[in-house]
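Here are the chains, one letter per residue:
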Amino acid sequence: MVLTEEMSRAFQIIEETTECLFITGKAGTGKTTFLKYVVENTHKNLIVAAPTGIAAINAGGVTLHSLFGIPFELQGPNAPIEGRLYQDKFKLFQMLDTLVIDEASMVRPDVLDYVDRKLRLYRLNELPFGGVQVILFGDLFQLPPVIKKDEQEILQQWYRGGYFFHSKALRDAGFQIIELTHVFRQSDERFINMLNRIREYQLLPMDMEDLSELRDNRESKNFSTQAIHICSLRRDADKINSQMIGTPTHTFSASFKKKFNPKSAPCDLELQLREGARVMTLVNDMTQGFYNGSMGTVVSIAPKKIGVMLDDGHEVSIEPYTWVDREYKVNGNEIKTIEKGSCTQFPLTLGWAITIHKSQGLTFDSVVIHCPYAFAPGMLYVALSRCTSMEGIITDFFISPKAIKVDKELLAFNKVCQTNDNKFNLDVYRALCRYMGYENN
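Reading the values: the criteria
- Residues numbered from 1 in each chain as written.
- Predicted model: local features only at pLDDT ≥ 70, side-chain atom pairs only at ≥ 80, totals over all residues.
- Heavy atoms only, no water.
- Helix = DSSP H or I, 4+ residues; strand = E, 2+ residues; numbered from the N terminus.
- Contact = heavy atoms within 4.5 Å.
- Axes fitted to C-alpha atoms, helices over the stretch in contact; angles between N-to-C directions.
- Parallel < 35°, antiparallel > 145°, perpendicular 65-115°, else oblique.
- Nonpolar A, V, L, I, M, F, W, Y, C, P; charged D, E, K, R; others polar.
- Pairing = 2+ DSSP bridges.
- Salt bridge = Lys/Arg side-chain N within 4 Å of Asp/Glu carboxyl O.
- Buried < 20%, exposed > 50% of the residue type's maximum accessible area, 1.4 Å probe, protein only.

K.L.:
Explain the environment of Ile 301 to me, please; I cannot follow it from the model alone.
P.N.:
Mapped onto the secondary structure, Ile 301 falls in strand E12 (residues 295-302). Considering only alpha carbons, one finds Ile 301 and Ile 318, 17 residues apart in sequence, at a separation of 9.6 Å. Apart from residues lying up to four places away in sequence, Ile 301 is in contact with Thr 249, His 250, Phe 252, Leu 273, Arg 274 and Glu 275.

Now the structure itself:
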């Protein structure tokens with residue numbers, strides 16, 4: 001890939017320093033592509049992790065919980081490490097230079113602080129994260145951490161908020177922020193600028209006029225077009241797909257080898273299909289010309305091959321694909337990835353409807369958005385920014401400022417970091433606390 005100026009600067013920091021770094025950017029600015037570039041080109045011993053199994057598989061890494069043995073219940077920032085310590089982990093973490101965490105916007109602060117304590121213990125080093133460089137990838141203005149109500153009450157006893165920057169270890173370590181600014185997904189400047197204003201809760205009257213024109217109550221109920229329906233609720237997406245598939249003629253079951261958790265599978269465990277079904281591809285295949293998120297219609301079905309006519313007009317042959325769950329092991333003077341288990345399934349899913357959460361990171365030419373329930377900040381922004389152009393978007397509701405849930409804490413975080421040359425440390429955190437009107441903790 002050709003690196004942008006910001007990507008080159010970020011890669012230089014990763015390669016030539018031990019500083020921690022947060023690589024962020026609007027939707028469609030190439031964060032995932034750049035992450036893969038870093039993994040393939042770094043000279044450092046590096047491990048990639050993510051907060052969820054599906055995110056870890058897609059990033060070619062492991063989950064934070066499996067890598068560090070993190071309990072699933074909340075952990076206080078000073079809670080002792082319990083359970084066994086493993087000899088192979090001593091070797092692994094002693095050799096670790098850089099820990100890359102993808103989808104950082106969904107990582108709670110207590111998880112990062114547990115990682116910090118585990119690394120200090122294994123590396124016998126009292127520096128933050130045991131002296132390991134931490135690189136965070138993500139966009140805080142997209143989907144936030146999933147925190148249940150009862151967990152929120154407990155978390156508030158230790159932290160002022162649920163985002164990763166409340167981590168005590170991260171405050172001590174400090175980090176630079178590099179924002180990727182070149183948008184690859186869209187080319188219409190007006191649409192790009194509007195998306196940016198939605199992201200930062202700064203809608204103008206002309207934006208509201210443009211957004212109001214997206215509503216089409218009749219067309220939004222038409223599920224037989226090439227548009228994918230993006231829903232805020234899973235039950236709505238499932239209902240549309242179930243209604244449209246009718247009686248499927250074929251069912252394909254995913255197969256698993258070794259230690260692969262089915263809950264981490266980035267595919268349907270039971271894929272139901274028929275000829276004429278709308279489908280979405282789940283992987284990239286450059287030789288056939290489709291990518292993760294390509295839309296098409298099933299034209300033929302055989303036991304080991306499914307023919308799909310893509311919306312761009314060419315037919316492809318989809319064969320079973322194997323996703324690998326990895327773990328990291330020491331091999332000589334290097335950290336190597338080895339296969340822990342695998343999941344094999346046709347890389348397809350029904351493509352009439354999808355949830356906003358599952359759409360994150362994907363690109364479509366035509367979407368219908370069903371999002372009357374924006375129950376988390378960033379949901380509407382994620383849904384709208386999936387589309388390559390304004391002309392490809394239809395909604396089934398009038399978008400009003402109420403549909404855009406404002407997270408004042410993120411605005412404050414941006415403001416204090418920009419004021420401090422896009423750096424974050426304990427002093428900046430204290431400034432954030434003052435700005436938000438609560439005491440430092």
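Next comes the rest of the write-up.
K.L.:
What is the right way to read the packing of helix H5 (residues 87-95) against helix H6 (residues 109-123) from this model?
P.N.:
The axes of two packed helices give the description: the angle between them and the distance between them. Axis separation between H5 and H6 bottoms out at 9 Å; the angle between their running directions is 100 degrees. The orientation of H5 with respect to H6, classified from their angle, is roughly perpendicular. Mapping the contact onto sequence places Lys 89, Phe 90, Phe 93 and Gln 94 in H5 and Leu 119, Leu 121, Tyr 122 and Arg 123 in H6. Residue composition of the contact of H5 with H6, by class: five nonpolar, one polar and two charged.

K.L.:
Looking at this structure, I do not really get the sheet that holds strand E18 (residues 353-355). What am I missing?
P.N.:
Strand pairing in a sheet takes place through backbone hydrogen bonds and is either antiparallel or parallel in direction. Read across the open sheet, the four strands follow the order E18-E7-E19-E20; overall the sheet is parallel. Two strands bound the open sheet, and with one partner strand each, they are E18 and strand E20 (393-395). Strand-to-strand twist in this sheet, taken as the mean axis angle between neighbours without regard to direction, amounts to 25 degrees. The sheet contact formed by strand E7 (residues 228-231) and strand E19 (residues 367-370) spans four bridges and is parallel. In the strand pairing of E19, Ile 228 is matched with Val 367. Relative to the sheet, helix H11 (residues 234-245) contacts E7, E18 and E19, its axis offset from that of E18 by approximately 165 degrees.

K.L.:
Where do I start with the pattern of salt bridges in this structure?
P.N.:
Two side chains of opposite charge can pair, provided their charged atoms sit close to one another. Summed over the entire model, instances satisfying the criterion amount to 15 salt bridges. With a shortest N-O distance of 3.7 Å, Glu 179 and Lys 26 are connected by a salt bridge. Separated by 153 residues along the polypeptide, Glu 179 in strand E6 (residues 175-180) and Lys 26 in the loop between strand E1 (21-25) and helix H2 (31-41) bring together distant segments of the chain. Ionic pairing is found between Glu 179 and Arg 199, a salt bridge with its closest N-O pair at 3.8 Å. Pair noted here: Glu 179 is in strand E6 and Arg 199 is in helix H9 (residues 189-199), with a separation of 20 residues, a long-range link. Assessed through its relative accessible area of 28%, Glu 179 is described here as partly exposed. It is possible to trace a salt-bridge network through shared partners that takes in Lys 26, Asp 139, Glu 179, Arg 199 and Glu 200.

Geometry only, nothing functional implied.
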